[in-house]
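Inside the fold
Residues per chain are reported as follows:
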Amino acid sequence: MGLDGSPMAETDRTPTVDMDGAIGFVVAHGDAVDRARLSWLRTGAAPPEEILTDAEMGGAPDGGWPAVWGTGVASIDATCFRLAELDDLGALDRPAARRALDWLAAGQRPDGTWEEDEALAREAPNWARPGDPEAELFLTASAGFWLTVAELDARAATRLDQPDQQAARPYATHVRAAAQAIAARLRPDGTWPSFLAAGWMSAAVLYHQEMFYESARIHGVLGDRLAEMSPADVAWMASALVRAGVNPDDWLLLAARRRLAETQRSDGGWPSEDGDTFDVHTALLVIRACR
């Protein structure tokens, strides 16, 4: 810690992520989609059309994607997961992703929250179960996060002299309502009544809405829990905060990169709690967070 109590900046002695090792791990162990995601993250190279078409397959007619555990009904959780994959392919501006984002926006409830369709109640896992307050906050943070990303991308693509500046804020009302709903559920100590991942996605949404005090409270809790997080969670947290525009030199992101450097394996990858097949996904998250 610094003399003022703030975390100290990285020094030359701070361990750093071996990016060449992480890239080599994805090349060696990933499939064609993983390698296309890697190319986009590294160079912005557009993936082949067949890769994009395969990644977009299975969408519901009105937008969104069903979950593998569902009954064909479009799922908020599954749609957010698919948007994350498409984002790594540079495909959020394509029709399938735009329909999904519009579907998410249309599904927001009057109080600013989201919840899965009741038809999924029997099959849904804990983090997506309709009627569960913890699942509600997680899904609200997830949907709010991806609408935030869409806002950021739209703003970056809109010229300041363009007459219709509303085009740069297609989901402004939805994201603001989501941020207010999230802030209302924060406890005085900065914790939140939901799963760990809801914390960093909530912090990202709040940061984008310039609710810096609320976002900083969550940062403090995440920092306290960093040592007990799995490498996959640290990678997900760091990549989400960076994607939402948090400064890469933010103290929590510096600490996250240190932890990722310390937990990187000799083969260039990181272990995932979801099994070996998700190790490549974790490496891609790290590359996004550290690029």
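Thresholds, definitions, all that
- Residues numbered from 1 in each chain as written.
- Predicted model: local features only at pLDDT ≥ 70, side-chain atom pairs only at ≥ 80, totals over all residues.
- Heavy atoms only, no water.
- Phe/Tyr/Trp six-rings, centres within 6.5 Å; stacked < 30°, edge-to-face > 60°.
- Helix = DSSP H or I, 4+ residues; strand = E, 2+ residues; numbered from the N terminus.
- Buried < 20%, exposed > 50% of the residue type's maximum accessible area, 1.4 Å probe, protein only.
- Expected span 1.5 Å × (residues − 1).
- Contact = heavy atoms within 4.5 Å.
- Polar contact = N/O pair within 3.5 Å; in protein donor to acceptor, adjacent residues only side chain to side chain.
- Salt bridge = Lys/Arg side-chain N within 4 Å of Asp/Glu carboxyl O.
- Core = buried A, V, L, I, M, F, W, Y, C linked by side-chain atoms within 4.5 Å.
- 1 Å grid on protein atoms, 1.4 Å probe; cavity = no way out; pocket = protein on both sides within 12 Å on 5 of 7 lines; lining within 4 Å.
- Points joined across faces, edges and corners; volume = space filled by probe spheres on them.
- Nonpolar A, V, L, I, M, F, W, Y, C, P; charged D, E, K, R; others polar.
- Axes fitted to C-alpha atoms, helices over the stretch in contact; angles between N-to-C directions.
- Left-handed = near helix turned anticlockwise from the far one by under 90°.

**Here's the deal with the packing of aromatic side chains**
- This model, assessed by the stated rule, comprises four aromatic pairs.
- Considering the side-chain rings of W200 and W236, the 5.3 Å spacing of their centres and the 70° angle between planes classify their relative orientation as edge-to-face. Of this pair, W200 sits in helix α8 (residues 196-208) while W236 sits in helix α10 (residues 231-243), placing them 36 residues apart in sequence.
- Judged by its relative accessible area of 0%, W200 falls in the buried class.

**Topic: helix α11 (residues 251-263)**
- The first and last C-alpha atoms of α11 sit 19 Å apart over 13 residues, in line with the 18 Å expected at 1.5 Å per residue.
- Counting buried positions along α11 gives 10 out of 13 residues, so the element sits mostly inside the fold.
- Its buried side turned inward, α11 meets α9 (212-225), α10 and α12 (279-290).
- Between the side-chain oxygen at the start of α11 and the backbone nitrogen of L252 there is a gap of 2.9 Å, and the oxygen is on D250.

**Digging into the environment of G245**
- With respect to the secondary-structure elements, G245 resides in the loop between α10 and α11.
- Residues G245 and A204, spaced 41 residues apart in sequence, show a C-alpha to C-alpha distance of 8.0 Å.

**Side note on the pattern of salt bridges**
- For the structure on display, the rule yields 15 salt bridges.
- Taking the shortest distance from any N to any O, the salt bridge between D34 and R37 comes out at 3.7 Å. Highlighted residues: D34 and R37, both in helix α2 (residues 32-43), separated by three residues, approximately one helical turn. When sorted by exposure, D34 lands in the same class as R37, which is buried.
- Linking E56 and R94 is a salt bridge whose minimum nitrogen-to-oxygen distance equals 2.6 Å. Taken as a pair, E56 in helix α3 (residues 49-56) and R94 in the loop between α4 (76-87) and α5 (95-106) lie far apart in primary sequence, 38 residues in all.
- Given the relative accessible area of 18%, R94 is considered buried.
- Three or more residues joined by partner-sharing salt bridges are found here, namely D34, R37, D87, D88, D153, R243 and R288.

**Re the nonpolar core**
- L83, F145, W192, W200, L222 and M237 are the most contacted members of the largest nonpolar core, which totals 84 residues.
- Among the elements that line this core, the one with the most residues is helix α6 (residues 133-157), at 10 residues.
- With near-sequence residues (within four places) excluded, F145 lies in contact with M201, A204, V205, A240, R243 and A244.

**Focus: the layout of surface pockets**
- Volume-wise, the largest pocket comes out at about 1,500 Å³.
- For the lining of the largest pocket, the secondary-structure elements that each account for two or more residues are α2, β1 (65-66), α4, α6, α8, α10 and α12.
- Of the residues that constitute the lining of the largest pocket, the class distribution is 25 nonpolar, seven polar and 13 charged.
- Size it by volume and the second largest pocket reaches roughly 260 Å³.
- In this structure, the second largest pocket is lined by 14 residues; those nearest its centre are D87, L92, D93, D153 and R243.

**Overview of unusual backbone geometry**
- One non-glycine residue, E210, lies in the positive phi region at around 60°.
- Relative to the helices and strands, E210 resides in the loop between α8 and α9.
- Judged by its relative accessible area of 61%, E210 falls in the exposed class.

**Focus on the packing of α10 against α11**
- It is the contact of α10 with α11, at a shortest axis distance of 10 Å, that shows an interaxial angle of 145°. As α10 packs across α11, the resulting crossing turns out to be left-handed. Taking contact as the criterion, the partners of P231, V234, A235, M237, A238, L241 and V242 in α10 are, on α11, L252, L253, A256, R259, L260 and T263.

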